[in-house]
Amino acid sequence: TWGQVREELIKRVGKNNYVTWIEPLKLALLNNGVARFEVPTIFFGDWVQRNYADHIRSQLASAGSPVERVEFAVGAPSMATAPAPVKATAKPSRARSVPVEDLPGAPLDARFTFDSFVVGKPNELAHAAARRVAEGGPVTFNPLFLYGGVGLGKTHLMHAIAHELHTRSPDLRVLYLSAEQFMYRFVQALRERQVMDFKELFRSVDVLMVDDVQFIAGKDSTQEEFFHTFNALVDQNKQIVISADRAPGEIKDLEERIKSRLQCGLVVDLHPTDYELRLGILQQKVDYYRSQYRGLVLADGVLEFLAHRITSNVRILEGALTRLFAFASLVGREITLELAQDCLADILRSSDRKLSIEEIQRKVAEHYNIRLSDMIGPKRLRNIARPRQVAMYLSKQLTPRSLPEIGRRFGGRDHTTIMHGVRKIEELMATDSQLSDDLQLLRRLLQG
Ligand code: ADP
Ligand code: MG
């Protein structure tokens, strides 16, 4: 039964969640109304209990094995997660004597702490996982891979981890930098013939955090070096945290072996913000601004208006609030809805920005690696027809255009062809988890 139940669960929870949370479960016991699973860590068990236990229970019931309780227990460590034995032959490294302050990292933003991070449904898991890493202690997943669109808090969380680790253990060698800086330092080391020093230094850290790793895609020698650094640290059981704008498997021109390495740990998605999270973030910032600009009056409904209208990314949302307060204090006026509309007209306009069918076609073509011209062309080959249908579907979903209008932009196709395409995708989506992952990603790329 567990085999069937797993099949069903893929559909229920989506492929990414399935691979991360369901696949690693080992059914240890199923009787007397109890299903017990072995999980790799306590954190893992808690998370699955909170988020997937109900799914598992209901699927077990429909498969004819109803249970009252679903339990998770930490199993014996598998070979893959067992700490690597410390190699006795390792020679003492000079690099380790480089003081923590002199590690070649990027400066940390003092404002990016866990305290200032507002937690909501879209970032709950990313936050929990980051907290777990920040506690230090034994490595539970390696690497932690955080991904999501621009301005959703990846960098904030990484800095928060670094701050927390510094506070807990000041001597811990925590190195945070962007992938771009990693490349820059590596190229510099090549130029100055100091590659050995570079290698030693990067292998001497306890925690390595690389932000925006998509940057090294297509940069061959940097990727190579990154791969070796990564492996060396994992072998020594050192924690690695990586961020990117998309899932490892979706990063183009990244070597397969790196992708699969990045997928080995915990891959967590920061979802686009929802209204509540945006409002929460605004409220937090307002508390701060009130202390900065004493005496300013903020009318009811302004924050709600902003949370409702500025949906693209948190950085822009924050920017809007900053500007609003600065402007109101300059002109000495109350912050009302009208003031907000006036002062933020440009931001509000651009977040209303209509997505064009042409943009959708371009992104979809890029994603599936086909030519833009094939979107409107006549080819019926499946590897072209399917992406074309995806673009039709997204055009229907994300723009207010009618079927005939969409048809015109797809090389003058009839509206029934468009309808057929849209239906086809809707139908496939239910069972094809790769397709539904693709759609999710494309939607995120298009909506920012
Ligand atoms: P990313 O690295 O994902 O592009 P950042 O971490 O740079 O995004 O976040 C952009 C801005 O939004 C930062 O100022 C950050 O503090 C803020 N921000 C994002 N998410 C949150 C959150 N959940 N709570 C508070 N601030 C947030
Ligand atoms: Mg960032």
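Residues numbered from 1 in each chain as written. Chains lettered and ligands numbered in written order. Predicted model: local features only at pLDDT ≥ 70, side-chain atom pairs only at ≥ 80, totals over all residues. Heavy atoms only, no water.

**Q** Hey, could you go over the sheet that holds strand E3 (residues 69-74) for me, with residue numbers and the actual values?
**A** Through backbone hydrogen bonds, the strands of a sheet pair up, either in parallel or in antiparallel fashion. Spatial ordering of the open sheet is given by E1-E2-E3, a layout of three strands whose pairing is mixed. Since the sheet does not close on itself, it has two edges, and those belong to strand E1 (26-31) and E3, each with one partner. For this sheet, the mean inter-axis angle between neighbouring strands, taken without regard to orientation, is 20°. In this sheet, E3 lies alongside strand E2 (residues 34-39) in parallel orientation, the contact comprising six bridges. Across the sheet, glutamate 38 pairs through a bridge with alanine 73, a residue of E3. (Pairing = 2+ DSSP bridges. Helix = DSSP H or I, 4+ residues; strand = E, 2+ residues; numbered from the N terminus. Axes fitted to C-alpha atoms, helices over the stretch in contact; angles between N-to-C directions.)

**Q** Provide a residue-level description of the nonpolar core, including the pertinent values.
**A** Within the largest apolar cluster, 50 residues are counted, with the highest numbers of intra-cluster contacts made by Leu25 and Ile56. When residues in this core are grouped by element, the largest group, eight residues, is from helix H3 (residues 42-62). Among the domains, domain 1 (2-74) and domain 2 (102-269) are the pair contributing at least three residues each to this core. In this view, leucine 25 contacts Trp2, Arg6, Phe37, Glu38, Val39, Phe44, Val48, Ile56 and Phe72; residues no more than four positions away in its chain are not counted. Leu175, Leu177, Val205 and Phe230 belong to the second largest nonpolar core, which has 33 residues in total. (Core = buried A, V, L, I, M, F, W, Y, C linked by side-chain atoms within 4.5 Å. Buried < 20%, exposed > 50% of the residue type's maximum accessible area, 1.4 Å probe, protein only. Domains from an automatic or database assignment. Contact = heavy atoms within 4.5 Å.)

**Q** Report on the sheet that holds strand E5 (residues 174-178), specifying residues and quantitative values.
**A** An order of E5-E6-E7-E4-E8 is seen for the five strands of this open sheet, with the pairing classed as parallel. Edge positions in the sheet fall to E5 and strand E8 (266-269), since each has one partner strand and no second. When the angles between neighbouring strand axes are averaged without regard to direction, this sheet yields 15°. Where strand E4 (residues 144-147) meets strand E7 (residues 239-244), four bridges bridge the pair, whose relative direction is parallel. Among the inter-strand pairings, phenylalanine 145 is bridged to a residue of E7, identified as isoleucine 242.

**Q** Describe the packing of helix H17 (residues 382-398) against helix H19 (residues 415-429), and please don't skip the residues or the numbers.
**A** The contact between H17 and H19 brings their axes to 8 Å, and the two run at 95°. In terms of axis orientation, H17 runs roughly perpendicular to H19. The residues of H19 that touch H17, namely those facing Arg386, Gln389, Val390, Met392, Tyr393 and Lys396, are Thr417, Ile418, His420, Gly421, Val422, Lys424, Ile425, Glu426, Leu428 and Met429. When the residues that make up the contact of H17 with H19 are grouped by side-chain class, the tally is eight nonpolar, four polar and four charged. (Parallel < 35°, antiparallel > 145°, perpendicular 65-115°, else oblique. Nonpolar A, V, L, I, M, F, W, Y, C, P; charged D, E, K, R; others polar.)

**Q** Account for helix H20 (residues 433-447), with residues named and values stated.
**A** With 15 residues, H20 should cover 21 Å at 1.5 Å per step; its first-to-last C-alpha distance of 21 Å lies within 8% of that length. A distance of 3.1 Å separates the backbone nitrogen of glutamine 434 from a side-chain oxygen at the start of H20, and that oxygen is part of aspartate 432. (Expected span 1.5 Å × (residues − 1). Polar contact = N/O pair within 3.5 Å; in protein donor to acceptor, adjacent residues only side chain to side chain.)

**Q** Provide a residue-level description of the site of ligand 1, including the pertinent values.
**A** Ligand 1 sits among 17 residues. The nearest are Val118, Gly151, Thr155, His156 and Glu318. For ligand 1, an oxygen atom lies 3.1 Å from a polar atom in the backbone of glycine 153. Within the contact set of ligand 1, an oxygen atom lies 2.8 Å away from a side-chain nitrogen or oxygen of glutamate 318. Taking 560 Å² as the accessible area of ligand 1 by itself, protein coverage stands at 93%. Where the shell around ligand 1 is concerned, the elements lending two or more residues are helix H5 (154-168) and helix H12 (314-331). Classifying every residue of the shell around ligand 1 gives seven nonpolar, seven polar and three charged. (Near = heavy atom within 4 Å. Areas by Shrake-Rupley, 256 points an atom, 1.4 Å probe, with all protein chains shown as cover.)

**Q** Explain the domain arrangement of the protein chain to me, and be specific about the residues and the numbers.
**A** In terms of domain boundaries, the protein chain breaks down into domain 1 (2-74), domain 2 (102-269), domain 3 (275-352) and domain 4 (357-447). With centres defined by C-alpha atoms, the gap from domain 1 to domain 3 works out at 44 Å.

**Q** Describe the packing of aromatic side chains, naming the residues involved and giving the relevant values.
**A** According to the stated counting rule, one finds 15 aromatic pairs in the structure shown. Ring plane angle 70° and centroid distance 5.6 Å describe the contact between phenylalanine 182 and phenylalanine 198, whose orientation is recorded as edge-to-face. Of this pair, phenylalanine 182 sits in helix H6 (residues 179-191) while phenylalanine 198 sits in helix H7 (residues 195-203), and the two are 16 residues apart along the sequence. In this structure, phenylalanine 182 and phenylalanine 198 share a single accessibility class: buried. Joined through ring pairs, the aromatic side chains of Phe182, Phe186, Phe198, Phe202, Phe226 and Phe230 make up one cluster. The cationic tip of lysine 219 hangs over the ring face of phenylalanine 215; the distance from NZ or CZ to the ring centre is 4.4 Å. (Phe/Tyr/Trp six-rings, centres within 6.5 Å; stacked < 30°, edge-to-face > 60°. Lys NZ or Arg CZ within 6 Å of the ring centre and 35° of its normal.)

**Q** Lay out the pairing of E5 with the relevant residues and their values.
**A** For E5, a buried count of five out of five residues is recorded, marking the element as mostly surrounded by other parts of the structure. Burial along E5 is two-sided: the residues Val174, Tyr176 and Ser178 and Leu175 and Leu177 are all buried.

**Q** Before we move on, could you go through unusual backbone geometry and cite the residues and values that matter?
**A** In this model, asparagine 142 is joined to proline 143 through a cis peptide bond whose omega is 0°. Within the secondary structure, proline 143 sits in the loop between helix H4 (124-134) and E4. For asparagine 32, which is not a glycine, the phi torsion comes out positive at approximately 50°. On the secondary structure map, asparagine 32 appears in the loop between E1 and E2.

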